[in-house]
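In case you want the letters, here they are:
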Amino acid sequence: MSTYFQPQKYPATEFASTGATDEALPVVVVGAGPVGMGVALGLAQRGIPVTVLEAADQVSFGSRAICISRHSLEVAARLGFGPELEKIVLPWVGGRSFYRDEQVLHFQMAHGEHDVRGPMVNVSQSEIEQIMTDTLLAHPLITFHWSSSVAGVLRSDEDVTLDVDTAFGSRRLRARWVVAADGGRSRMRELAGIRLQGNSYQGNYVIADIHWESTLPAERMVWFDPPSNPGSTIIMHQQPRDIWRIDYQLDSSDDAELETQEDRIRDRITRHLDWLENDVPWTLEWHGFYRAHALALEDFTHGRILFAGDAAHLVPIFGVRGLNSGMEDAETLAWTLAAVVHGTADGSLLQAYSSERRAAWRQNVDNAGKSTLIMSPGSHGYRTTRDAVLALATTRPEFGHLINPRQSSATHAHLSPLTWPVAEGTTGVLPGDPMEDRRVRVVTAEGSVESSLNRVRGTGFALLGVGVDAAGARMIAAHASALTMALSPESVRAVVVPAPGAAVAAAADLTVLDDPDGALPTALGASAGECFVIRPDGLVLCRVRDLSLLGNVHDHLKTATAPTLGVVPAHTETTATPDELLRENVWMGLSEALDQADESDREGFLTRLALLLGSQSGLREFEEALAAASHVSGKVCSGTPRHSHADA
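Since the model is a prediction, treat every value here as computed from it, not as a measurement.

Structural notes on the overall build of the protein chain
Piece 1. Helix and strand counts for the protein chain come out as 17 helices and 26 strands.
Piece 2. The C-alpha radius of gyration computed for the protein chain amounts to 26 Å, which stays within 12% of the reference 26 Å derived for 648 residues, consistent with globular compactness.
Piece 3. Along the first, second and third principal axes, the C-alpha set of the protein chain runs to 70 × 65 × 50 Å.
Piece 4. Residue pairs in contact within the protein chain that sit at least 24 positions apart in sequence constitute 74% of those at least 6 positions apart.
Piece 5. Summing over all exposed atoms, the protein chain offers an accessible surface of approximately 27400 Å²; the carbon and sulfur share of this is 52%.
Piece 6. Once the 53 positive and 81 negative side-chain charges of the protein chain are each reduced to a mean point, those two points are 2 Å apart.

This is the structure:
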């Protein structure tokens, strides 16, 4: 029996237009996908009434996005639907890639003993949206209008008027602010007369969800040029309740309309599952189609219309950054817009949101673009080098890292106008970096109890003092109290790790962490007496040694500025080794050079290149390289595939 999620339908909503003498609605969110609903929840948390318009009569149907990052689970927890979401997800930590029938990569995402959650979980976007919808419908400050599509927009300096088509006729709503979160085919973007800019990649993929009671592990599995579907690339992911997501690439010569018909999809999947020696019945539950895009608006703010999620930017799906980056958009936009609505900051804070999130899009594109060039190379050069990398990786595993999907991780805001500079040479967690959740112990009257950094710092701002004495702790608590008044109703919490031997007492306005081994200061790269200011969206705003500087935080937030003394944090952590970075540069440089070479001279170009490089190496190294390059994997084994159930 199928366990595939079936969304419930909601009746069309009847509502009145905003009258000429009525006060404008504070915020209208257009689009009830995860991003739109995330913005609505974040605003409502901060006391702002929100009206949500959704053109459909249910949440989306089908898996769409399925891979949810650790950071997005942290966002979900802060927005109030995390516990329900985490009840239904399927965790996973890594994956395997195969070239034909040989394994060429086995990767695992970073996961440490202090992490509260695993690096990634799988669950369908439909189910995420349903949990979020239930949360929204229960919130007294959120009004939800189903079957309500925007047909027209009229903008002024003070508000935005939306013409809305409903089952009960046309309605007109006037709002102080409108959040456009209506997806990649955004009607709001069209009505605003703006377009996405960037690139679209070659390569079409069919996606399908099947119900299949398989014993294969919950990991990302990819086959390049599999014997079951020669020339294609197939991706498989398990979801909860025996649902499997299968993506496969179409050849450029394939008729996309023909290949997206159910009988052709069933045939492709059957061939692959048969090759995996499957004898378990399966059913096709849903299917879709996509191409990879790297597109974004130049500016995410257009007067009083603010764009977020796919309405503002599109990223290639490889590395699962679409929904995950959209959740970051939602949380950042929620707290910045709330500050403007409440008058604790001016409109420049929203321009900072735009600047940050467009820069985050560029970070995602830079990483996802590399994955796309492996998964769906769009030029002769990249196709040639991709196939060469795969062939080499069968006997030279050091090339396998180039196939790594570079799974989504939280983006940074180093270059944000909000991010404070630091002293030159500062290391560790820098301003603009995400402050990841981790296990901590909290001092209470009954002793220390286990908690997490995310939980103790709350949903607003937090001042985290490290290695402080009693006087420093009280000073941090006093600044947190002053900042609470200045940013009201945004919450601000004071959290400290006492210096060794310091007697620091917990209080109503001060949370004290028990960290006798100094694990937290070490993880942060912090020196004694430092204080980190953490934003509501989990990014570090600043870190200061002079605690009196905390008195300047509100002034800078209000005008979306940062101090000018110091250096802008610019490092980006990478786990890549120098050799891996060298191979990546060689791969991309050679690909570009092949694309620039005359078509009639490609073999000559490669021969000249080999002669030049060979003359710079020793005879033994050159002979070893010749032998390695001469080995081309491609033998299709009969019998049990090497990635059978026993070792997949």
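Considering the nonpolar core
Piece 1. Formed by 102 residues in total, the largest nonpolar core has its most connected members in Phe-81, Leu-162 and Phe-307.
Piece 2. If one sorts the elements of this core by residue count, helix α8 (residues 322-342) sits on top with nine residues.
Piece 3. What Leu-162 contacts, discounting residues up to four positions off in sequence, is Val-28, Val-30, Leu-53, Val-150, Gly-152, Val-153, Arg-171, Arg-172, Leu-173, Val-178 and Met-188.
Piece 4. Listed in part, the 39 residues of the second largest apolar core include Trp-92, Ile-235, Leu-373 and Met-375.

Some thoughts on unusual backbone geometry
Piece 1. Of the consecutive residues Ser-488 and Pro-489, the connecting peptide bond is found in the cis state with omega at 10 degrees.
Piece 2. Here Pro-489 lies in the loop between α12 (470-487) and β23 (492-498).
Piece 3. Its identity as a non-glycine residue notwithstanding, Asp-242 has a phi of 65 degrees, on the positive side.
Piece 4. Given the relative accessible area of 27%, Asp-242 is considered partly exposed.

A word on the sheet that holds strand β3 (residues 67-69)
Piece 1. Pairing within the open sheet is antiparallel, and its three strands lie in the order β3-β7-β4. Two strands lie at the open edges of the sheet, namely β3 and β4 (90-92), each paired on one side alone. Strand-to-strand twist across the sheet, computed as the mean angle between neighbouring axes with direction ignored, equals 35 degrees.
Piece 2. Across three bridges, the pairing between β3 and strand β7 (residues 120-122) is antiparallel. Its bridge partner being in β7, Cys-67 is matched across the sheet by Asn-122.
Piece 3. In the packing of helix α2 (residues 70-79) onto the sheet, contacts are made with β3 and β7, and the angle to β3 comes to roughly 75 degrees.

A closer look at the confidence of the model for the protein chain
Piece 1. The predicted model of the protein chain averages 92 in pLDDT, with 96% of residues at 70 or higher.
Piece 2. A low-confidence stretch, residues 633-648 stays under pLDDT 50, and its non-local contacts, those more than four residues away or across chains, total 33 contacts.

Structural notes on the pairing of strand β15 (residues 243-250)
Two faces belong to every sheet, and in a regular strand the side chains alternate between them.
Piece 1. Counting buried residues along β15, eight of its eight residues qualify, which places the element largely inside the surrounding structure.
Piece 2. Bridging between strand β12 (residues 197-212) and β15 involves eight bridges; their strand directions are antiparallel. The residue bridging Asp-209 from the neighbouring strand is Arg-245, located in β15.
Piece 3. Examined bridge by bridge, strand β14 (residues 233-239) and β15 share six bridges and lie antiparallel to one another. In the sheet register, Gln-238 faces β15, and the bridge partner there is Trp-244.
Piece 4. Linking β14 back to β15 in an antiparallel pair, the connection comprises three residues, with Arg-241 at a positive phi of about 60 degrees.

As for the packing of α8 against helix α9 (residues 348-375)
Piece 1. The geometry of α8 relative to α9 is characterised by a closest axis approach of 9 Å and an angle of 170 degrees between their N-to-C directions. It follows from the interaxial angle that α8 and α9 lie roughly antiparallel. Residue-level inspection shows Ser-325, Glu-328, Asp-329, Thr-332, Leu-333, Trp-335, Thr-336, Leu-337, Ala-339 and Val-340 of α8 in contact with α9, the latter providing Leu-349, Leu-350, Tyr-353, Glu-356, Arg-357 and Asn-364.

A look at the side chain of Arg-357
Piece 1. When you line up the elements, Arg-357 lands in helix α9.
Piece 2. A polar side-chain atom of Arg-357 sits 3.2 Å from the main-chain carbonyl oxygen of Ser-325.
Piece 3. Of the polar contacts made by the side chain of Arg-357, one reaches the side chain of Asp-329; its length is 2.5 Å.

Section: the environment of Ala-167
Piece 1. Counting through the fold element by element, Ala-167 comes out in the loop between β10 (160-166) and β11 (169-180).
Piece 2. Given a relative accessible area of 59%, Ala-167 falls into the exposed group.
Piece 3. In this structure Ala-167 touches Ala-12 and Ser-147, once residues within four positions along its chain are discounted.

A closer look at the state of the cysteines
Piece 1. The final tally for this structure, using the stated rule, is zero disulfides.
Piece 2. The cysteine Cys-542 is free of any disulfide, with Cys-531 supplying the nearest cysteine sulfur at 7.4 Å.
Piece 3. What makes Cys-542 buried here is its relative accessible area of 0%.

Structural notes on the pattern of salt bridges
Piece 1. This structure, assessed with the given rule, holds 34 salt bridges.
Piece 2. Close ionic contact of Glu-298 with Arg-358 constitutes a salt bridge, the shortest N to O distance being 3.5 Å. Of this pair, Glu-298 sits in the loop between β16 (282-296) and β17 (301-302) while Arg-358 sits in helix α9, and the two are 60 residues apart along the sequence.
Piece 3. By relative accessible area, Glu-298 is classed as exposed at 57%.
Piece 4. With relative accessibility at 22%, the residue Arg-358 sits in the partly exposed group.
Piece 5. Taken together, the shared-partner salt bridges connect Asp-254, Glu-259, Arg-264 and Arg-268 into one network.

Overview of the sheet that holds strand β24 (residues 511-512)
Piece 1. Reading across the sheet, the five strands line up as β24-β23-β22-β25-β26 and stay open at both edges, with mixed pairing between neighbours. At either margin of the open sheet sits one strand with a lone partner, and together these are β24 and β26 (540-544).
Piece 2. Of the pairings in the sheet, the one linking strand β25 (residues 530-534) to β26 comprises four bridges and is antiparallel in character. When the bridges of β26 are listed, Cys-531 appears paired with Val-544.

Some points on the packing of aromatic side chains
Piece 1. Across all of its chains, the model carries nine aromatic pairs by this definition.
Piece 2. Within the aromatic cluster, the residues linked to one another by ring pairs are Tyr-10, Phe-144 and Trp-146.
Piece 3. Looking at Arg-304, its charged tip hangs above the ring of Trp-177, at a distance of 4.4 Å from the centre.
Piece 4. When the ring centre of Phe-399 is taken as origin, the NZ or CZ atom of Arg-583, which lies over that ring, is 5.8 Å away.

Some details on the pairing of strand β13 (residues 220-224)
Piece 1. Judged by how many residues are buried, β13 sits mostly within the fold: five of five residues are covered.
Piece 2. Side chains Arg-220, Val-222 and Phe-224 of β13 all project onto a buried face; the interleaved residues Met-221 and Trp-223 project onto the opposite face, where all are buried too.

Looking at the environment of Ala-410
Piece 1. As for its placement among the helices and strands, Ala-410 is situated in the loop between α10 (380-393) and β20 (439-444).
Piece 2. A C-alpha to C-alpha distance of 7.9 Å links Ala-410 and Ser-325, two positions 85 residues apart in sequence.
Piece 3. Contact partners of Ala-410, with chain neighbours within four places excluded, come to His-71, Glu-328 and Pro-434.

Here we look at the environment of Ile-534
Piece 1. Following the sequence through the fold, Ile-534 ends up in strand β25.
Piece 2. Separated by 485 residues in sequence, Ile-534 and Pro-49 have C-alpha atoms that sit 26 Å apart.
Piece 3. The residues contacting Ile-534, other than those within four sequence positions of it, are Met-435, Arg-457, Gly-460, Phe-461, Ala-462, Leu-464, Leu-539 and Val-540.

Rules used throughout
- Residues numbered from 1 in each chain as written.
- Predicted model: local features only at pLDDT ≥ 70, side-chain atom pairs only at ≥ 80, totals over all residues.
- Heavy atoms only, no water.
- Helix = DSSP H or I, 4+ residues; strand = E, 2+ residues; numbered from the N terminus.
- Rg over C-alpha atoms; globule rule 2.2 N^0.38 Å.
- Contact = heavy atoms within 4.5 Å.
- Areas by Shrake-Rupley, 256 points an atom, 1.4 Å probe, with all protein chains shown as cover.
- Lys, Arg positive; Asp, Glu negative; His and termini not counted.
- Charge placed at Lys NZ, Arg CZ, Asp CG, Glu CD.
- Core = buried A, V, L, I, M, F, W, Y, C linked by side-chain atoms within 4.5 Å.
- Buried < 20%, exposed > 50% of the residue type's maximum accessible area, 1.4 Å probe, protein only.
- Pairing = 2+ DSSP bridges.
- Axes fitted to C-alpha atoms, helices over the stretch in contact; angles between N-to-C directions.
- pLDDT = per-residue confidence, 0-100.
- Parallel < 35°, antiparallel > 145°, perpendicular 65-115°, else oblique.
- Polar contact = N/O pair within 3.5 Å; in protein donor to acceptor, adjacent residues only side chain to side chain.
- Disulfide = S-S within 2.5 Å.
- Salt bridge = Lys/Arg side-chain N within 4 Å of Asp/Glu carboxyl O.
- Phe/Tyr/Trp six-rings, centres within 6.5 Å; stacked < 30°, edge-to-face > 60°.
- Lys NZ or Arg CZ within 6 Å of the ring centre and 35° of its normal.

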